[in-house]
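Listed below, chain by chain, are the residues.
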Amino acid sequence: MNPAELRADIPAVQNATYMNTGASGPSPRRVVEAARGFLERAEYEVHATDDIYEYTFGEYDRIRDRLAEFVGASPSELALTESTTDGIARFASGIDWEPGDVVVRTDLEHPAGILPWQRLEREGVEVRVVETEHGRIDLDDFAEAVADARLACFSALTWTHGTQLPVAALADIARDAGALTLVDAVQVPGQAPIDVEEWGVDAVAAAGHKWLLGLWGGGFLYVRREVADELEPRSVGYRSVQSPGASSFEFKEGAPRLEIGTTNLAAHVGLLEAIETVESIGLETIQDRIRKLTDRFKAGVPEDRLLSPREYESGLVTVDVSDPEKTVERLDDAGFKVRSIPPMNAMRVSLHVFNTPAEVDALLAELDAVR
């Protein structure tokens, strides 16, 4: 598949200039059809011909196997979740927190990487926020903050600036301090490589509804095996344990202990189709096209208005505009789908492989009109 073929398979981009993939990516027909096919088989056929639980549990295993291959892990290190937020919350719930424990995060985190720690503050956990500058983190500042911490949570690719944080270096610092590392990686899959072993982190939460162009509800959580086996989740269900009917329970080995009960797998079936679609185009092709599109867009943005790096790091580009909310509304009226970024008081454009140079030029012309 090539970018033009992908674009032709995405109904949403036929009706709008869609540049908001960093929030939610529009799915191709093939992804939706894969999910629909699963639902029809499960509901119309399997209930009448097979054991629906046996069939579904087989699908759980198949999906974990494929996701493990995609992120560079083993299947026992993958849990199926609904979203990045869900994954972060499940990991946090598995730790036996004590008053005085320390969590470190950056000031670049999405609410998914903020709210669980605010909740823990009510139980006496201290949350330290590492201040950053222009989407960059100072390694010495991070090392000082994490020196006596139990956990560090940070993004691999920031939703505010589109900058890449040095994940492996941060993980090394945290490990030396004896702290666990949890990474919000939702902006990575589909536009950049993801290899959890190379990163060397303890946990990675992500989902497929952004750059992979999957469906809402198809999330996943990687937890390094040695860490997963030490987690004691607060929520427990028949998918969490080895023998659901036993008089006392034992958690499953590995990350699947963080799964709970009956879930609709349609979104995860769609996620696998989304991965196949992205891989059929090729990550190198995707990155090259995103790089060219973002370079073209940035070239038309005045230096003092560009809040993302001038050099390419991702398809996320944040721009300083007067009254971001009104600017987004005006662009929406003109057929452009972008979003505001409240923490930055700015507007963000997300450019993916299905976008075109003509769309970029049209957006720049429209921005000149509304500034």
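Our subject in this report is the structure included herewith. A quick note: this is a predicted structure, and the numbers were derived from the prediction, not measured.

### Observations concerning the pairing of strand E12 (residues 346–350)
- Burial within E12 is extensive, with five of its five residues counted as buried.
- In E12, alternate side chains face the same way, and those of Ala346, Arg348 and Ser350 on one face and Met347 and Val349 on the other are all buried.
- Two strands pair when backbone bridges link them, and strand E11 (residues 339–341) and E12 are joined in this way by three bridges, in the antiparallel orientation. Within the sheet, the bridge partner assigned to serine 340 lies in E12 and is methionine 347.

### Quick notes on unusual backbone geometry
- A positive phi is found at leucine 213, a non-glycine position, where the angle reads about 65 degrees.
- As for its placement among the helices and strands, leucine 213 is situated in the loop between strand E7 (203–207) and strand E8 (219–223).
- The class of leucine 213 is buried, set by a relative accessible area of 2%.
- The residue aspartate 323 is not glycine, and still its phi comes out positive at about 50 degrees.
- The exposure class of aspartate 323 is partly exposed, given its relative accessible area of 39%.

### What to know about the pattern of salt bridges
- Counting across every chain of the model gives 27 salt bridges.
- Ionic pairing is found between arginine 66 and glutamate 69, a salt bridge with its closest N-O pair at 3.8 Å. Here glutamate 69 and arginine 66 lie together in helix H4 (residues 52–71), a separation of three residues that amounts to about one turn.
- For glutamate 69, a relative accessible area of 59% puts it in the exposed group.
- As a salt-bridge pair, arginine 128 and glutamate 126 come within 2.9 Å of each other at their nearest N and O atoms.
- Taken together, the shared-partner salt bridges in this structure form one network comprising Asp61, Arg64, Arg239 and Glu259.

Definitions and cut-offs
Residues numbered from 1 in each chain as written. Predicted model: local features only at pLDDT ≥ 70, side-chain atom pairs only at ≥ 80, totals over all residues. Heavy atoms only, no water. Buried < 20%, exposed > 50% of the residue type's maximum accessible area, 1.4 Å probe, protein only. Helix = DSSP H or I, 4+ residues; strand = E, 2+ residues; numbered from the N terminus. Pairing = 2+ DSSP bridges. Salt bridge = Lys/Arg side-chain N within 4 Å of Asp/Glu carboxyl O.

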